[in-house]
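Each chain, letter by letter, is given below.
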Amino acid sequence: MKYRRVGASGLKVSEIALGSWLTYGTAAEQKAADACVNKAFECGINFFDTANAYNRGEGEKAIGAALKPYERSSYVLSTKVYFPMGQGPNDRGLSRKHIKEQCEASLKRLGVDYVDLYFCHRHDDQAPVEETLRALDDLQTEGKILYAAVSEWSAAQIAKAVGIGQQLRLRPLISNQPIYNMFERYIEREVLSISTAAGLGQVVFSPLAQGILTGKYKSAQQLPEDSRAANNSVNHVIKSYLQDHVLLCVQELEQLAQQLDMKLSQLALAWVLRQPGVSCALIGASHPQQIEENVKAVEFTLQQETLDEIERILQQVAGFAPLR
């Protein structure tokens, strides 16, 4: 395993991190969660990501229970706040009240005294940025979070927050968590450059495009029975990838990976990690074998001719935008 700093901070995380796709809309069996976390540690992964909104707290409980046997100092743990956790008007968003209450609830579900990274899961247009940043800074003062971060914020939103934080002399944000993969590259336009200049590293999610970039989907009409695409409760996004021109592109990428003696998933992860502004790539796993395969991506450095060939292949899907 290799490790990178998160932005300009001193925090180091494994280039491959484990996210909470241990819950596919419903809580996964704890046995499966334990097995995946154990394998992650064996492979050198030290970063585990979840969110309060993942199945209304069940994702946090699963990760917390799986991490319980390990020394707290041996891993980096993150969770998030923003999405509704109740029916009340203050049970969502980035107000001081919601941030404070949800941080306490997350710590309880996770069974820890602090989280290393606390992400604002989305931008809240109804909460003053100053209020949000001050609440995060106060949580750091209390020792309940060590670093503050954002997720899926635009370049303009990041720049505004950084400016306000500097003006108020608050502890800086250190990360943004955006979607980033071969098909969804919006962060390359502005987010990467703005974030790098401001000291934020990207903790990217869905680097395998919901599993499309594993190569297991050959046809929209013949879906593996145990796959996410075949599960109507969670497949609303992945189904938008299941188009002929996208799948043909994936087939070409898989052929390229084979020529390089790589798995397609490893090629896709190595491609994401080619960006120096990316701190790590979050993978999901329901089986330990998936983790073993994916972590090998850190062993590969893609040559320019390979990157050029990938760009040529991806031109076939230029303008494609999956549902979000």
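Whatever comes next refers back to the structure up there.
Okay, so let's go over this structure. Within every chain, residues take consecutive numbers counted from 1 along the sequence as written. Where totals are concerned, whole chains, interfaces and linings use all residues; where local detail is concerned, this predicted model gives features only for residues with pLDDT of at least 70, and gives and counts side-chain atom pairs only at 80 or more. Neither water nor hydrogens contribute to the side-chain values; these are computed over all heavy atoms in the structure.

## Overview of the pairing of strand S5 (residues 76-81)
Summary of the burial criterion: residues with accessible area below 20% of their type's maximum are buried, those above 50% are exposed, and those between are partly exposed, where the area comes from a 1.4 Å probe applied to protein chains only. Numbering goes from the N terminus for both helices and strands, where a helix is a DSSP run of H or I of at least four residues and a strand is a run of E of at least two. Burial analysis of S5 places six of its six residues in the buried class, the great majority of the element. The side-chain alternation of S5 yields two buried faces, one formed by Val76, Ser78 and Lys80 and the other by Leu77, Thr79 and Val81. Throughout, right-handed denotes a crossover for which the path from the first strand over the helix to the second runs clockwise when the strands point away from the viewer. Handedness of the crossover is the feature at issue here: the chain leaves strand S4 (residues 47-49), passes through helix H2 (residues 58-67), returns alongside S5, and the resulting connection is right-handed. One bridge is not enough; two strands pair if DSSP finds at least two bridges between them. Pairing of S5 with strand S6 (residues 115-120) involves four bridges; the strand directions are parallel. When the bridges of S6 are listed, Thr79 appears paired with Tyr118. Crossover handedness for the path S5 to helix H3 (residues 96-110) to S6: right-handed.

## Comments concerning the environment of Ser265
Here Ser265 shows up in helix H8 (residues 264-273). Each C-alpha atom, one on Ser265 and one on Gln303, is 17 Å from the other, the two residues being 38 residues apart in sequence.

## Observations concerning the pattern of salt bridges
Just to be clear on terms, a salt bridge is a Lys or Arg side-chain nitrogen sitting within 4 Å of an Asp or Glu carboxyl oxygen. Per the stated rule, a full pass over the model turns up 20 salt bridges. A salt bridge links Asp49 to Lys80; its shortest N-O distance comes to 2.7 Å. With Asp49 in strand S4 and Lys80 in strand S5, the pair connects residues that are 31 residues apart, well separated along the chain. For the pair Asp49 and Lys80, a shared accessibility class is recorded, and that class is buried. Across the pair Arg274 and Glu188 runs a salt bridge, and its minimum N-O distance is 3.2 Å. Of this pair, Arg274 sits in the loop between H8 and strand S10 (278-283) while Glu188 sits in the loop between strand S8 (173-177) and helix H6 (191-198); the two residues are 86 residues apart in sequence, bridging distant segments of the chain. The exposure class assigned to Arg274 is partly exposed, which follows from its relative accessible area of 28%. Here the salt bridges do not stand alone but share partners, grouping Lys100, Glu104, Glu142 and Lys144 into one network.

## Description of the packing of aromatic side chains
Paired rings are identified among Phe, Tyr and Trp, the last through its six-membered ring, by centres lying within 6.5 Å, and are further divided according to the angle between planes into stacked (under 30 degrees), edge-to-face (over 60) and tilted (the rest). Throughout the structure, instances matching the rule amount to nine aromatic pairs. Seen in terms of ring centroids, Phe41 and Tyr70 are 3.8 Å apart; in terms of plane orientation they differ by 5°. Their pairing is stacked. With Phe41 in helix H1 (residues 30-42) and Tyr70 in the loop between H2 and S5, this pair connects stretches of sequence that are 29 residues apart. Exposure remark for Phe41: the relative accessible area of 19% places this residue in the buried category. Classification of Tyr70 as partly exposed rests on a relative accessible area of 24%. Between Tyr82 and Phe83 the ring centres are 4.9 Å apart and the planes differ by 80°, which places this aromatic pair in the edge-to-face class. Judged by its relative accessible area of 27%, Phe83 is partly exposed. We note Arg72 situated over the ring of Tyr114; from NZ or CZ to the ring centre the distance is 4.1 Å. For a ring to carry a charge above it, either NZ of a lysine or CZ of an arginine must fall within 6 Å of the ring centroid while also lying within 35 degrees of the normal to the ring plane.

By themselves, these observations are geometric and do not establish any function.
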